[in-house]
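Here are the chains, one letter per residue:
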Amino acid sequence: MATPTDEDVIYQNLSINARRLLRDVYVLYQKFHDSVPFHDWEHIWFVFHETHRFAKRNGADIELSIAAALVHDLNHLAEPGSTSAAAGSDLRRQLLHTAGYSQDFIQRVEHIVLEAETSQRSDRTPSIEGQALSDADTLYKVLPDTVNKSARYTDETGVHIIELARKIVGEQSPLVEKKIYLYDEQARSDYKVWIERNLEHWRFLLAEYKESEIYRDHVDRSRVPPLAIDEDDLVLDAARSKITSSPTPDDHYAGAHAVAVTTGPIRLPKRRPSAVARPQPSHG
Ligand SMILES: [Fe+2]
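Analysis parameters
Residue indices follow the written sequence of each chain, beginning from 1 at its first position. Reporting in this predicted model follows two pLDDT cut-offs: at least 70 for local features of residues, and 80 or more for side-chain atom pairs to be given and counted; totals over whole chains, interfaces and linings ignore these cut-offs and use all residues. Secondary structure counts use DSSP, requiring at least four H or I residues in a row for a helix and at least two E residues in a row for a strand, with both numbered from the N terminus. The term nonpolar core refers to a group of buried residues, namely Ala, Val, Leu, Ile, Met, Phe, Trp, Tyr and Cys, whose C-beta atoms join them within 7 Å. Partly exposed residues are those whose C-beta has more than 12 but fewer than 20 other C-beta atoms within 10 Å; with 20 or more the residue is buried, with 12 or fewer it is exposed, and the C-beta atoms are placed from the backbone. We call two residues in contact when their backbone-placed C-beta atoms lie within 7 Å. For helices, the fitted line uses only the C-alpha atoms of the stretch in contact; every axis is such a line through C-alpha atoms, and the angle between N-to-C directions lies from 0 to 180 degrees. The hand of a helix crossing depends on one turn: near helix anticlockwise from the far one by less than a right angle means left-handed, and clockwise means right-handed. Gly is placed with the polar residues, together with every amino acid not listed as nonpolar (Ala, Val, Leu, Ile, Met, Phe, Trp, Tyr, Cys and Pro) or charged (Asp, Glu, Lys and Arg). Given a helix with a known number of residues, its expected span is that number minus one, times 1.5 Å. The scheme is simple: roughly parallel for angles under 35 degrees, roughly antiparallel for over 145, roughly perpendicular for 65 to 115, oblique for anything else.

Draft legend 1. The arrangement of the environment of Glu42 in detail. Turning to its location among the elements, Glu42 is positioned in helix H3 (residues 41-58). For Glu42 and Tyr29, which are 13 residues apart along the polypeptide, the C-alpha to C-alpha distance reads 9.5 Å.

Draft legend 2. Up close: the nonpolar core. Core analysis: the biggest nonpolar cluster contains 39 residues, and Leu21, Ala67, Ala68, Leu70, Val71, Leu96 and Val109 have the highest contact counts within it. Contributions of two or more residues to this core are made by helix H2 (16-31), H3, helix H4 (62-71), helix H6 (89-99), helix H7 (103-115) and helix H8 (128-141). Setting aside its immediate chain neighbours within four residues, Ala67 contacts Ala18, Leu21, Leu96, Tyr101 and Val109. Ala165, Ile168, Trp202 and Leu206 belong to the second-largest nonpolar core, a separate cluster that totals five residues.

Draft legend 3. View of the packing of H4 against H7. Between H4 and H7, the least distance of the axes is 9 Å, while the angle of their chain directions is 65°. In terms of crossing hand, the pair formed by H4 and H7 is right-handed. Here H4 contributes Leu64, Ala67, Ala68 and Val71 to the contact with H7, which in turn contributes Arg108, Val109, Ile112 and Val113. Class assignment for the residues of the contact of H4 with H7 results in seven nonpolar, no polar and one charged.

Draft legend 4. The arrangement of H8 in detail. In this model, H8 (14 residues) spans 20 Å end to end at C-alpha, consistent with the 20 Å of a helix rising 1.5 Å per residue. Restricting attention to buried positions, one finds in H8 the residues Glu129, Gly130, Gln131, Ala132, Leu133, Ser134, Asp135, Ala136, Asp137, Thr138 and Leu139. Of the surrounding elements, those touching the buried residues of H8 are H3, H4, H7 and helix H11 (185-190).

Draft legend 5. Looking closely at the packing of H3 against H8. Close contact between H3 and H8 brings their axes to 8 Å; oriented N to C, the two are set at 135°. It follows that H3 is oblique to H8 by the angle criterion. Both H3 and H8 take part in a crossing whose hand is right-handed. The residues of H8 that touch H3, namely those facing His43, Phe46, Val47, Glu50, Thr51, Phe54, Ala55 and Asn58, are Ile128, Glu129, Ala132, Leu133, Asp135, Ala136, Asp137, Leu139 and Tyr140.

If you want it as structure tokens, here you go:
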């Protein structure tokens, strides 16, 4: 007989309500997978397991902690682009109720979810269940490969990468200074390097990259001006009808691609237009 894994043991010890909740939340995330490329089931699964680990180690109520973990990010499904867990309250209550939990339990889960939000942690210390959830959620942010998922976050939320860096540095730096980035003492020690490297990355992006000319001129699409295309400079006969009178860079490249497909190589404008005002660096 195979030795049961940690996951087997966790699952076997779940209450009927917790199993129902796990199943329903899983089904929901499978159904709406495309809407949450960052806050997806992979994230929930991680937070569920790590919350269980921290709750067990620190004597928190495991049923409350893992229920909160499973429903903590429902705001991203209920209200895409929302920045507060409160936007998921109704959906959270509905799922918890369907799973068979009492009104008192549902209220306590709601409290745990809200107190564990990063933006709320500077002012008051969460309950031990809130700490378990917060540590699990925070640990996901500093996994060495989570930074590679930034594009998923910006796609999902519409938040610009620089705004994300500003939010992370603004919210997380004070927590590191207060030594409450992670509440679990062992985890603070185990993941010290991950925490430092992660914040270093975001601080670097905010302080150095954002102010660089390379970023300002060629990367930040919100500031790169549309090209004032002189059509005489282009070989666009086959695709001219697809080009608008004031093309954006996207239109230009789409048109250029169409020409390349239908007529072979094209000539790009000979020079960068000088009539368009150059953007000024922002220090905001
Ligand atoms: Fe989360």
